[in-house]
Amino acid sequence: MEMMTVRSDLILSESTVRAPIRAPIGKVDIATWLFGLPDAEYQRCAPPDHIAAGATMTDDGRPMSINVEMIGTGLVIQHYVGEITEADHCRMVSTSDVFTPYGRTKVQVIWDLSARPVDDGRCEYTNSVVSHPTEEFLVFLKEHDVSFEQAAHERQLASSDHNNRETPLFAASIERAALAK
């Protein structure tokens, strides 16, 4: 994967949503769930936005989740590399391809999935997504006479809507996986 200049000083969108998991923290394993997530189950977690998912690894052996989804008007191919892949916390970072009505560009997306115990039999799942523009994305906006503020506003609306719909379904899927152990 090529290196991209990410503008981490700029936020394109950020969204954090929480949902209950009715299973003890000791049974929850987000990393196993994420890297073993069947394609059809991924699709059920945000219909009709989620199109496909699969797990692979980077050339240097780090776990990777490939997700294809619609976020607003953009078809996004996520190449999430696991920076943290633990039972109660995964931090996934992607330089994502975005196919927009104007053409193709790239953004960085950081997806943080975590669970914390509420009591002996319940957890709270947190699904956090932050996206940053790449230099390529900023040039792309300029070429199409779109302000960063307008692009960020549209991405924020789309990302928040998507996260609000997928988080409770992800939590339910993680719960089913935990209770099946």
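What comes next is a walk through the structure. These numbers were taken from a predicted model, which means no experiment stands behind them.

**Looking at the overall build of the chain**
Thinking step 1. Counting its regular elements, the chain contains four helices and seven strands.
Thinking step 2. In the chain, the succession of helices and strands from N to C terminus is β-α-α-β-β-β-β-β-β-α-α.
Thinking step 3. Its C-alpha radius of gyration of 16 Å places the chain within 12% of the 16 Å reference for a compact globule of 181 residues.
Thinking step 4. Overall size of the chain, expressed as C-alpha extent along the three principal axes, is 55 × 35 × 30 Å.
Thinking step 5. In the chain, the proportion of contacts linking residues at least 24 apart, taken out of those at least 6 apart, comes to 60%.
Thinking step 6. When the accessible surface of the chain is summed, it comes to about 8,900 Å², and 54% of that surface belongs to carbon and sulfur atoms.

**Brief notes about the state of the cysteines**
A disulfide bridge is the covalent bond that connects two cysteines by way of their sulfur atoms.
Thinking step 1. In this structure the tally under the stated criterion is zero disulfides.
Thinking step 2. Between C45, a cysteine without a disulfide, and C90, which holds the nearest cysteine sulfur, the sulfur-to-sulfur distance is 15 Å.

**Side note on the packing of aromatic side chains**
Any two aromatic rings considered together are summarised by their centre-to-centre distance and by the angle between their planes.
Thinking step 1. A complete count under the given rule lists three aromatic pairs for this structure.
Thinking step 2. Pairing W33 with F170 gives two aromatic rings, centres 5.4 Å apart and planes at 80 degrees, and the pair type is edge-to-face. Of the two residues, W33 sits in helix 1 (residues 30-35) while F170 sits in helix 4 (residues 148-179), which places them 137 residues apart along the sequence.
Thinking step 3. The class for W33 is buried, based on a relative accessible area of 7%.
Thinking step 4. Aromatic rings pair up to connect W33, Y80, W111 and F170 into one cluster.

**Examining unusual backbone geometry**
Thinking step 1. Look at the link from P47 to P48: it is a cis peptide, with omega at -5 degrees.
Thinking step 2. Position of P48 among the secondary structure elements: in the loop between helix 2 (39-44) and strand 2 (50-57).
Thinking step 3. You will see that D145, though not glycine, has its phi angle at about 55 degrees, which is positive.
Thinking step 4. Residue position: D145 is located in the loop between helix 3 (135-143) and helix 4.
Thinking step 5. Owing to a relative accessible area of 73%, D145 belongs among the exposed residues under this scheme.

**Thoughts on the pairing of strand 1 (residues 13-21)**
A regular strand carries its side chains on alternate faces of the sheet.
Thinking step 1. With burial as the criterion, only one face of strand 1 is covered, namely that bearing S13, S15, V17, A19 and I21; the residues E14, T16, R18 and P20 on the opposite face remain uncovered.
Thinking step 2. Relative to strand 7 (residues 122-133), strand 1 runs antiparallel, the two sharing nine bridges. Within strand 7, the residue paired with V17 across the bridge is N127.

**Focus on the nonpolar core**
Thinking step 1. Among the nonpolar cores identified, the biggest contains 37 residues, and I21, V28, I30, W33, W111, L113 and Y125 are the most heavily contacted of them.
Thinking step 2. Breaking this core down by element, the ones donating at least two residues are strand 1, helix 1, strand 4 (74-85), strand 5 (89-100), strand 6 (103-119), strand 7, helix 3 and helix 4.
Thinking step 3. If we skip the residues at most four places from it in the chain, I30 touches E86, A87, D88, H89, C90, L113, S114, A115, Y125 and I174.

**Considerations on the pattern of salt bridges**
Thinking step 1. One pass over the full model with this rule turns up 14 salt bridges.
Thinking step 2. Between E175 and R22 there is a salt bridge whose closest N-O contact spans 3.5 Å. Here R22 lies in the loop between strand 1 and helix 1 and E175 lies in helix 4, a separation of 153 residues in the sequence.
Thinking step 3. Taking the relative accessible area as the measure of exposure, R22 reaches 54% and is therefore exposed.
Thinking step 4. Put simply, E41 and R176 hold a salt bridge, and the shortest N to O gap is 2.6 Å. Taken together, the residues E41 in helix 2 and R176 in helix 4 connect sequence positions 135 residues apart.
Thinking step 5. One network of salt bridges, with partners in common, ties together R7, D9 and E135.

What counts and what doesn't
- Residues numbered from 1 in each chain as written.
- Predicted model: local features only at pLDDT ≥ 70, side-chain atom pairs only at ≥ 80, totals over all residues.
- Heavy atoms only, no water.
- Helix = DSSP H or I, 4+ residues; strand = E, 2+ residues; numbered from the N terminus.
- Rg over C-alpha atoms; globule rule 2.2 N^0.38 Å.
- Contact = heavy atoms within 4.5 Å.
- Areas by Shrake-Rupley, 256 points an atom, 1.4 Å probe, with all protein chains shown as cover.
- Disulfide = S-S within 2.5 Å.
- Phe/Tyr/Trp six-rings, centres within 6.5 Å; stacked < 30°, edge-to-face > 60°.
- Buried < 20%, exposed > 50% of the residue type's maximum accessible area, 1.4 Å probe, protein only.
- Pairing = 2+ DSSP bridges.
- Core = buried A, V, L, I, M, F, W, Y, C linked by side-chain atoms within 4.5 Å.
- Salt bridge = Lys/Arg side-chain N within 4 Å of Asp/Glu carboxyl O.

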